[in-house]
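Each chain, letter by letter, is given below.
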Amino acid sequence: MKNSKKKSMEEIQIQNMVVTTSISDKLDLNFIHQIVPDSEYDKKKFPGLIYRQKTPKTAVLLFSSGKVVCTGAKTMNDAQITISNVIELLSRSGLSLNKKPEIHVQNIVATANLHNEFKLNSIAITLGLENVEYEPEQFPGLVYRVFDPKVVILIFSSGRIVCTGAKNVEDVTKAVEVLKEELLTCGLI
C-alpha cells in the first residue's frame, strides 16, 4: 500500500496554488503603484493592484482592504516567500503591515497521468450521472466530482487528469486515489 501511495505522489504535480491573507486594514493602492516597480493598477479595469514576481514566479493581487491573493505558487513555501517579499518591499516604504499574516489555501490545481487510455463514454455511464458531466461536443474531458474530499477531477482520454478545488496536497492525493479505486472497481483500468 505504501508503494502505491508513493508512486501516486510522484506522478501528481502541483500546477497552481491560490492563497489569501490580509496584511493590513487598509492599503493605498495609488501610493503602492508609485513605489512598486512594474506593478499594474487601473481601478477602472480591476479593483486591485497586480504585482508579478520572478522568483518564485507568482502574481500577487493587492486590494485596498488590505487583502492579498497570491497565485502561481507551486508550493506553500513559494506562496509564503512571495507574501514575505511583498511585505518586505512595502515595509521599506514606511507602510505599517502585519509581518506574519495567516495564509489560507483557497484552491490547488494539480495534474497527473494515470498511464492508461480511457473510453470516456464508458466512464460516464459506469460512474453515474450524479458524479459525472460529459459533453464531448463542448469539452474533450469528463468532469468527475469527488465528494470526500470535495474536489473536481477532469479526466481526458489520454489518461491525463486535472484536479481542482483541493485545499491541501493530501486532498489531491486522496482524490486521485478515490478516482483510481473507482476505475479499478469498475474494471475501467
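The model shown is predicted, which means the values in this text are computed figures rather than measured ones. Here, residues in each chain are numbered from 1, in the same order as that chain's written sequence. It should be noted that, the model being predicted, local features are given only for residues of pLDDT at least 70 and side-chain atom pairs only at 80 or more, the latter also being counted only at that level, while totals for whole chains, interfaces and linings use all residues. The side-chain numbers reported here are obtained from all heavy atoms of the structure, hydrogens and water having been left aside.

Caption draft 1: Structural context of the overall build of the chain. Here a helix means four or more residues in a row that DSSP labels H or I, a strand means two or more in a row labelled E, and each is numbered from the N terminus. For the chain, the helix and strand inventory stands at five helices and nine strands. Walking the chain from its N terminus toward its C terminus, one meets helices and strands in the order α-β-α-β-β-β-α-β-α-β-β-β-β-α. A globule of 189 residues ought to have a C-alpha radius of gyration of about 16 Å, yet the chain, at 20 Å, is considerably larger. For the chain, the spread of C-alpha atoms along the principal axes amounts to about 60 × 40 × 25 Å. We call a residue buried when its accessible area falls under 20% of the maximum for its residue type, exposed when it is over 50%, and partly exposed in between, using a 1.4 Å probe and counting protein chains only. In the chain, which comprises 189 residues, the share counted as buried stands at 41%. Only carbon and sulfur atoms are counted for the fraction: they give 52% of the accessible area of the chain, which is about 11,200 Å². Only four residue types enter the tally: Lys and Arg on the positive side, Asp and Glu on the negative side; His and the chain ends are excluded. By convention, charge coordinates are those of NZ in Lys, CZ in Arg, CG in Asp, or CD in Glu. Looking at charge distribution, the chain has the averaged site of its 23 positive side-chain charges lying 6 Å from that of its 21 negative ones. With the radius of gyration taken over C-alpha atoms, the globule rule is written as 2.2 Å times the number of residues to the power 0.38. Computed with the Shrake-Rupley method and a 1.4 Å probe, the accessible areas treat only the protein chains shown as cover for residues.

Caption draft 2: The sheet that holds strand 1 (residues 13-22), seen in detail. Being paired, for any two strands, means DSSP has found at least two bridges between them. Judged by pairing direction, the sheet is antiparallel, and its nine strands sit side by side in the order 2-3-4-1-5-9-8-7-6 without closing on themselves. Edge strands, defined here as strands with exactly one partner in the open sheet, are strand 2 (49-53) and strand 6 (132-133). Direction of pairing for strand 3 (residues 58-62) relative to strand 4 (residues 67-73): antiparallel, over a ladder of four bridges. By the bridge assignment for strand 4, Ala59 is matched with Thr71. The contact criterion used is simple: two residues touch if any of their non-hydrogen atoms lie within 4.5 Å. The angle between two axes is taken between their N-to-C directions and runs from 0 to 180 degrees, where each axis is a line fitted to C-alpha atoms and a helix contributes only its stretch in contact. Helix 4 (residues 120-127) rests against strand 6, strand 7 (142-147) and strand 8 (150-155) of the sheet, and its axis sits at about 35 degrees to strand 7.

Caption draft 3: Spotlight on the environment of Thr58. Relative to the helices and strands, Thr58 resides in strand 3. Residue classification places Thr58 among the buried residues on the basis of a relative accessible area of 5%. Separated by 38 residues in the primary sequence, Thr58 and Ser96 have C-alpha atoms spaced 23 Å apart. Any pair of N or O atoms that falls within 3.5 Å is considered a polar contact. Within protein, one atom must be able to donate a hydrogen and the other to accept it, and sequence-neighbouring residues count only if both atoms are side-chain atoms. A distance of 2.9 Å separates polar atoms of two side chains, one belonging to Thr58 and the other to Thr82.

Caption draft 4: How the structure looks around the nonpolar core. Judged by nonpolar contacts, the single largest core of 49 residues is most densely connected at Leu62, Ile153 and Ile155. Considering each element in turn, this core owes the most residues, six residues, to helix 3 (residues 76-91). Setting aside residues up to four positions removed in sequence, Ile155 forms contacts with Phe118, Leu120, Ile123, Gly141, Leu142, Tyr144, Arg160, Ile161 and Leu179. Here, the term nonpolar core denotes a set of buried Ala, Val, Leu, Ile, Met, Phe, Trp, Tyr and Cys residues that are joined through side-chain atoms within 4.5 Å. Residues Val18, Ile50, Phe63 and Val69 belong to the second largest nonpolar core, which totals five residues.

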